[in-house]
Amino acid sequence: DINQARISRFESGDETPTLSITLGYQVIFGVPPRRLFPKLYTQIEEAVMRRAAKLERRVARKTDFQSTKKRHLLEAMAKRSANQDGE
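For clarity, every value in this text was computed on a predicted model and none was experimentally measured.

Asker: Which residues make up helix 1 (residues 4-12), and what values go with them?
Answerer: With a side-chain oxygen lying 3.2 Å from the backbone nitrogen of A5, the N-terminal cap of helix 1 falls on N3. Downstream of helix 1 by one or two residues, G13 has phi in the positive range, about 90°.

Structure representation (structure tokens):
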């Protein structure tokens, strides 16, 4: 059940909204989740990027097809992250 107190906890970062709630907010307000919950988004982004950096180090010198695909994905992630920081 969603009430004003719970919404306040979502906004303050004291409680993590479910995916359904997050997407529902996007439908209601027309704002992407990263703007609705910037603190949560930043925490998740930082954790994902740390893991991506570890993966990048593991595949950095590999030339096989799968490693090349992974490097391209990681490069695209880094660009998106950098572009969002400049908004």
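The rest of the description comes next.
Asker: Which residues make up the packing of aromatic side chains, and what values go with them?
Answerer: Geometrically, a pair of aromatic rings is defined through the distance of the ring centres and the angle of the planes. Summed over the entire model, instances satisfying the criterion amount to three aromatic pairs. When the centroid spacing of 6.4 Å and the interplanar angle of 70° are considered together, the rings of F10 and Y25 count as edge-to-face. Taken together, the residues span a long stretch of sequence, with F10 in helix 1 and Y25 in helix 2 (residues 19-29) at a distance of 15 residues. A relative accessible area of 2% places F10 in the buried class. Aromatic pair Y25 and F37: ring centres 5.8 Å apart, planes at 20°, arrangement stacked. Linking Y25 in helix 2 with F37 in the loop between helix 3 (33-36) and helix 4 (38-59), this pair joins segments that are 12 residues apart in sequence. F37 sits in the buried class, given a relative accessible area of 7%.

Rules used in this analysis
Residues numbered from 1 in each chain as written. Predicted model: local features only at pLDDT ≥ 70, side-chain atom pairs only at ≥ 80, totals over all residues. Heavy atoms only, no water. Polar contact = N/O pair within 3.5 Å; in protein donor to acceptor, adjacent residues only side chain to side chain. Helix = DSSP H or I, 4+ residues; strand = E, 2+ residues; numbered from the N terminus. Phe/Tyr/Trp six-rings, centres within 6.5 Å; stacked < 30°, edge-to-face > 60°. Buried < 20%, exposed > 50% of the residue type's maximum accessible area, 1.4 Å probe, protein only.

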